[in-house]
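Below are the chains, spelled out letter by letter.
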Amino acid sequence: MSNQVDEETPLLQPEEQHKIKTPLPWRQLSIILFLQLTEPITAQAIAPFAPQLIRDVGVTHGDESRVGYFVGIMYSVFYVAQALTTLQWNRLSDHVGRKPVILTGLFGISASMFLFGLSKTFGGLILSRVLCGALNGNSGVIKSMMIDVTDSSNIAQAFGFLPLPWMTGNTLGPLIGGSLSHPADRFPRLFGQSTFLKTHPYFLACAGPALFTALAWLVTYVLLQETVPTTTSLWSLIRNKCRTILTFAHTKPPQLDRSNSDTVQGSPDDSRPLPLSALMTPHVLVATLNYATLALFDIALRSLIPVFYATPVDMGGLGLDPPRIGNILAVFGIANGLFQVFFFARLHDRFGTKAVFTCAVASSVPTIIAFPIINMLSRTYGIGATVWLAVGLQLTISIALNMGYCSFFMPCIVVITDQSMIACGAMYIAAASPNRASLGATNGLAQTVAASVRIIGPASAMSMFSFSVRDPYYAWAVYYFMMVLALLAIGASFLLPRQMWKRVN
């Protein structure tokens, strides 16, 4: 770790305590990691064929410049639904338990993916994405469950394994989506006689992730153990909340039923969840702000890349088909995961948290500049070795952006070689949480804010891209917009302290 001394360094350093590391609960941990696969697989499966799907449903009426606009809307409605519900799902998990909420989320993902594959209209696509976002609060709940099964001696080791399912999912998702779209055309011997797959050319690409999620639901139901020590039935929770509302409405001054309501702010009982107002601490707000600005740029970039690849060369893109886009994204997923596993911790130990994070966010600048350069090379030399070299260089630089998640969320605890953005993010939120019983709500708050900015990211970036494509005079407008988002993330980073906060026990 960095030994730099500045105005934020405590005058009296605490004595180092050599704790015996608690063995990891491998049975529970392996199931949780398996469940984490569902999110990246389902999210990335639609990325390779999303632009072509928008063309096929006819919502653009043949106007290529509007493809990016509708792709952005399709991505954003998922985050609208998620932003409206994820905090409630995570708060609910503090009361009724993690397992029922995870089961509900897995059901929502599976059902929505089947619906997505069957949709023939833009309205059907929107409905399926709204359903997926509204029923899926699993991202924060799974992080809370991992914190539940660990302690301060082994949390870094446990969260260090999270890059594995994300790397695997980010690799398999694009491969599934790109390879299984239009199966009747790609595999005529197997599916050429199927009228259903000709009518629904994206069903197979969606059914694969949906069936995998259904399998994850079965594994959760049978094998996963609840980690919340004291749970309340949903009916009892609803009854208690109604009783509290009636008491508030008919009693002056309002009196809280402490036996049924949430623990009030300032209560010494750390075993019960705190109300939402008690979560608004400076630590949580600073962490959430940085998470939000970084997530805003990242989701805008990840939405822009496949649309840029699919747009014709003469309109500012590369003109690639879905299978090739899927292969590129899959290779990127592998390279990104391996880099985080083998190099992040060494860079962090050598240069320190703040330096690594600043460099990571700054890497967004050359990543953005590479877009018009790649298009210019493709116009001049065609899709050849020079263009592929430029694409590879751009994706390599963008790997550093994910390292920014790692360095931003890294607490001052044991650092191991396989941290990743999701792992460190969850540990940082854990450090900021007012008490352990409120981990679900704190994770939910961070996920809600992230989902809120992700509403803006895809829609705004794709709208700017469509505007750039429509009017050649403003061809670079989308890249100026992306540069503004990058500067917002860089500015927010100055609020981060050098010394991380102590994690709740």
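Not measured: the values here are computed from a predicted model. (Residues numbered from 1 in each chain as written. Predicted model: local features only at pLDDT ≥ 70, side-chain atom pairs only at ≥ 80, totals over all residues. Heavy atoms only, no water.)

In this section: the overall build of the protein. Summing up its helical and strand segments, the protein has 23 helices and zero strands in all. Sequence separation of 24 or more characterises 80% of the internal contacts of the protein that already satisfy a separation of 6 or more. Total accessible area on the protein stands at roughly 22000 Å², and carbon and sulfur atoms take up 66% of it. (Helix = DSSP H or I, 4+ residues; strand = E, 2+ residues; numbered from the N terminus. Contact = heavy atoms within 4.5 Å. Areas by Shrake-Rupley, 256 points an atom, 1.4 Å probe, with all protein chains shown as cover.)

A cluster of nonpolar side chains, contributed by Phe-107, Leu-215, Trp-217, Leu-218, Tyr-221, Val-222 and Leu-223, occupies part of the molecular surface with about 700 Å² of accessible area. Of the residues forming the nonpolar patch, the biggest block, six residues, is contributed by helix H13 (residues 203–223). Mapped onto the elements, Leu-223 comes out in helix H13. (Patch = residues over 30% accessible without salt bridge, like charges linked within 9 Å, V, L, I, M, F, W, Y side chains within 5 Å. Salt bridge = Lys/Arg side-chain N within 4 Å of Asp/Glu carboxyl O.)

This part takes up the environment of Pro-312. With respect to the helices, strands and loops of the structure, Pro-312 is situated in the loop between helix H15 (282–310) and helix H16 (322–342). The class for Pro-312 is partly exposed, based on a relative accessible area of 27%. Along the chain, Pro-312 and Glu-64 lie 248 residues apart, while their C-alpha atoms are 8.7 Å from each other. Excluding anything up to four places from it in sequence, Pro-312 contacts Glu-64, Gly-317 and Gly-319. (Buried < 20%, exposed > 50% of the residue type's maximum accessible area, 1.4 Å probe, protein only.)

Taken as a whole, this structure holds four salt bridges when the rule is applied. Where Glu-64 meets Arg-55, a salt bridge forms, and the shortest distance between an N and an O atom there is 2.7 Å. Assessed through its relative accessible area of 19%, Glu-64 is described here as buried. Assessed through its relative accessible area of 23%, Arg-55 is described here as partly exposed. Residue Arg-98 is joined to Asp-94 by a salt bridge in which the shortest nitrogen-to-oxygen separation is 2.8 Å. Here Arg-98 falls in the buried class, since its relative accessible area comes to 2%. What makes Asp-94 buried here is its relative accessible area of 7%.

Let's shift gears to the packing of aromatic side chains. Counting across every chain of the model gives 14 aromatic pairs. When the centroid spacing of 5.0 Å and the interplanar angle of 90° are considered together, the rings of Tyr-473 and Tyr-474 count as edge-to-face. For Tyr-473, a relative accessible area of 68% puts it in the exposed group. The class for Tyr-474 is partly exposed, based on a relative accessible area of 38%. Looking at Lys-99, its charged tip hangs above the ring of Tyr-221, at a distance of 6.0 Å from the centre. (Phe/Tyr/Trp six-rings, centres within 6.5 Å; stacked < 30°, edge-to-face > 60°. Lys NZ or Arg CZ within 6 Å of the ring centre and 35° of its normal.)

Structurally, Ser-76 is set in helix H4 (residues 67–96). For Ser-76, a relative accessible area of 5% translates into the label buried. A polar contact of 3.0 Å, which involves the side chain of Ser-76, links it to the backbone nitrogen of Ala-459. (Polar contact = N/O pair within 3.5 Å; in protein donor to acceptor, adjacent residues only side chain to side chain.)

What follows deals with the confidence of the model for the protein. On average, the protein scores 78 in pLDDT, and the residues at 70 or more come to 73%. Mean pLDDT per element in the protein: helix H21 (residues 421–432) is the minimum at 46, and H13 is the maximum at 95. Within the model, the stretch residues 10–17 combines pLDDT values under 50 with one contact to residues more than four positions away or in other chains. In this model residues 253–269 is a low-confidence stretch, pLDDT under 50, and it forms 29 contacts with partners more than four residues away in sequence or in other chains. (pLDDT = per-residue confidence, 0-100.)

Turning our attention to the nonpolar core. Membership of the largest hydrophobic core comes to 76 residues, with the highest contact counts inside it found for Ile-54, Tyr-309 and Met-482. In terms of residue count, H15 provides more of this core than any other element does, 15 residues in total. Among all residues touching Ile-54, those that are not within four sequence positions of it are Val-59, Thr-60, Val-67, Phe-70, Val-71, Met-74, Phe-122 and Leu-125. Leu-29, Ile-31, Leu-35 and Ala-158 belong to the second-largest nonpolar core, a separate cluster that totals 22 residues. (Core = buried A, V, L, I, M, F, W, Y, C linked by side-chain atoms within 4.5 Å.)

Turning to unusual backbone geometry, a few remarks are in order. Phi is positive for His-61, close to 55°, though the residue is something other than glycine. Residue His-61 is classed as exposed on the basis of its relative accessible area of 74%. A positive phi angle, near 50°, is found at His-182, a position not held by glycine. Note on placement: His-182 falls in the loop between helix H9 (163–180) and helix H10 (183–186).

Turning to its location among the elements, Gln-36 is positioned in helix H1 (residues 26–36). Its relative accessible area of 2% is what places Gln-36 among the buried residues. Here Gln-36 is in contact with Ile-142, Leu-162, Pro-165 and Trp-166, once residues within four sequence places are set aside.

With that settled, the discussion passes to the environment of Leu-395. Its location among the elements puts Leu-395 in helix H20 (residues 385–409). Along the chain, Leu-395 and Phe-332 lie 63 residues apart, while their C-alpha atoms are 6.7 Å from each other. The residues touching Leu-395, leaving out its near neighbours within four places in the chain, are Ile-305, Tyr-309, Ile-328 and Phe-332.

Further remarks concern the packing of helix H5 (residues 98–118) against helix H6 (residues 122–135). At a minimum axis separation of 8 Å, H5 and H6 run at an interaxial angle of 170°. Regarding the angle of H5 to H6, the classification is roughly antiparallel. The segment H5 lies against H6, with Thr-104, Gly-105, Gly-108, Ile-109, Ala-111, Ser-112, Leu-115 and Phe-116 engaging Leu-125, Leu-127, Ser-128, Arg-129, Leu-131, Cys-132 and Leu-135. Here the residues of the contact of H5 with H6 sort into nine nonpolar, five polar and one charged. (Axes fitted to C-alpha atoms, helices over the stretch in contact; angles between N-to-C directions. Parallel < 35°, antiparallel > 145°, perpendicular 65-115°, else oblique. Nonpolar A, V, L, I, M, F, W, Y, C, P; charged D, E, K, R; others polar.)

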